[in-house]
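Chain by chain, the residues:
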Amino acid sequence: MLGFNEPEFLKQMASAVALRPQIEELVDRLVGEGFDNLLLVGAGGTYAQMWPYEHLARRDSTLAVRAAIAAELVVSGDASLGERTVVIFTSVSGTTDDSIRAIEFCRSKGAYTIGFTGYPDSPIAQKVDVALVSEPKTWPFDTQLLLFMGRLLSRRGEWDGYEEFAAELTDLPRILVEVAGQAEPVAAAFAEAHRDTDYHFLIGGGNLWGFTYLYSMCILEEMQWLRTTRVHSAEFFHGSLELLQEDTSVIIFQGEDETRPLTDRAESFARRVSKDVTVFDTRDYPLEGISPRFRGLLAPLVLDVVMSRVSKHLERVRDHSLDLRRYYRVMDY
């Protein structure tokens, strides 16, 4: 597979799964002590990656859970933020300035802060109350967030089957390598067909809306300098559909949760207008070892692996490094 370091990938994913005992111990303690609300705070991709877990809690729990943009939280505040608030941060490098300032702000309000990162000596790891550290460069953080939210909802009596689900995650590294292998020819074909495409229209919903936003902004725009439009499948018919034309590249992310019919509806319309519609559907991947009732929860993680293959092939055919930036962490702002 192009640019795929399988041993490193397996080590990283295994390190995330291995955090289960620490995550469960932490959640059990927090539940025992009691807290009133949970904030999931990030910046850019780490903010978008929180949305599936806000979505999960909103659907299944009465606990107040919301995702927040780090920089906005600092300047706008949150009336619910206080000593009975738990706040989660994620950062691959552990050096994101907006998140560092948000940690300091949350702690100044008395909140309990948790950080997931790959570097124990990083500023974020040092500033939070507790840091849960995986292998360096481990991405994404869905495994850790699934374990945290799953254990939390289970302890609250709001989710049945957590123990079975968490046990199945033990084999997740192997499963995701198989996903990557299956996605490789699909990714190569998409990249070849779109080497000269300079605009993509992305649609997703449910627990994949965050990934839709992330892939549009953090990959296609930031890493490939391509113009995009991104829209939630439930909102597609309220304005953004007017941008579609016969030659518009439409990328649809389809998962397996209750919002699937909304994305089906958007796809059906898009195909009536555009001759260039590509659907990346988690149902196409067997995920052997994962029970059918848990598959939908893994959709963001599965598509992250699939689209990482697409990204590497776009990098190749467009001769544009995924590490190249004009401004991000290049200029002061």
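The coordinates are above.
Residues numbered from 1 in each chain as written. Predicted model: local features only at pLDDT ≥ 70, side-chain atom pairs only at ≥ 80, totals over all residues. Heavy atoms only, no water.

Along the backbone of the chain there are 14 helices and nine strands. Relative to the globule expectation of 20 Å for 333 residues, the C-alpha radius of gyration of the chain, 20 Å, shows essentially globular dimensions. Considering the chain as a whole, with its 333 residues, one finds that 57% of them fall into the buried category. Within the chain, counting contacts between residues at least 6 apart in sequence, those at least 24 apart form 78% of the total. Carbon and sulfur atoms provide 49% of the accessible area of the chain, an area that totals close to 14,300 Å². Taken as two groups, the 34 positive and 50 negative side-chain charges of the chain have centres that lie 2 Å from each other. (Helix = DSSP H or I, 4+ residues; strand = E, 2+ residues; numbered from the N terminus. Rg over C-alpha atoms; globule rule 2.2 N^0.38 Å. Buried < 20%, exposed > 50% of the residue type's maximum accessible area, 1.4 Å probe, protein only. Contact = heavy atoms within 4.5 Å. Areas by Shrake-Rupley, 256 points an atom, 1.4 Å probe, with all protein chains shown as cover. Lys, Arg positive; Asp, Glu negative; His and termini not counted. Charge placed at Lys NZ, Arg CZ, Asp CG, Glu CD.)

So, about the sheet that holds strand E4 (residues 112-117). With parallel pairing, the five strands of this open sheet are ordered in space as E2-E1-E3-E4-E5. Each having just a single partner strand, strand E2 (64-69) and strand E5 (130-133) make up the two edges of the open sheet. The sheet shows a mean angle of 20° between the axes of neighbouring strands, taken without regard to direction. Here strand E1 (residues 37-42) runs beside strand E3 (residues 85-91); their pairing, made up of five bridges, is parallel. Looking at E3, one finds that Asn37 is bridged to Thr85. Sheet strands in contact with helix H2 (residues 20-33) are E3, E4 and E5, and its direction is about 170° off that of E4. (Pairing = 2+ DSSP bridges. Axes fitted to C-alpha atoms, helices over the stretch in contact; angles between N-to-C directions.)

Of the two faces of E5, only one is covered, namely that formed by Val130 and Leu132; the face formed by Ala131 and Val133 stays uncovered. In terms of strand pairing, E4 meets E5 through four bridges, oriented parallel. By the bridge assignment for E5, Thr117 is matched with Val133.

Another aspect to go through is the sheet that holds strand E6 (residues 199-204). Taken together, four strands build an open sheet; the order of strands is E7-E6-E8-E9 and the sheet is parallel. Either end of the sheet is taken by a strand with one partner, and the two such strands are strand E7 (227-232) and strand E9 (276-281). Neighbour-to-neighbour, the strand axes of the sheet open up by a mean angle of 20°, direction not taken into account. As paired strands, strand E8 (residues 249-254) and E9 are joined by six bridges and run parallel to one another.

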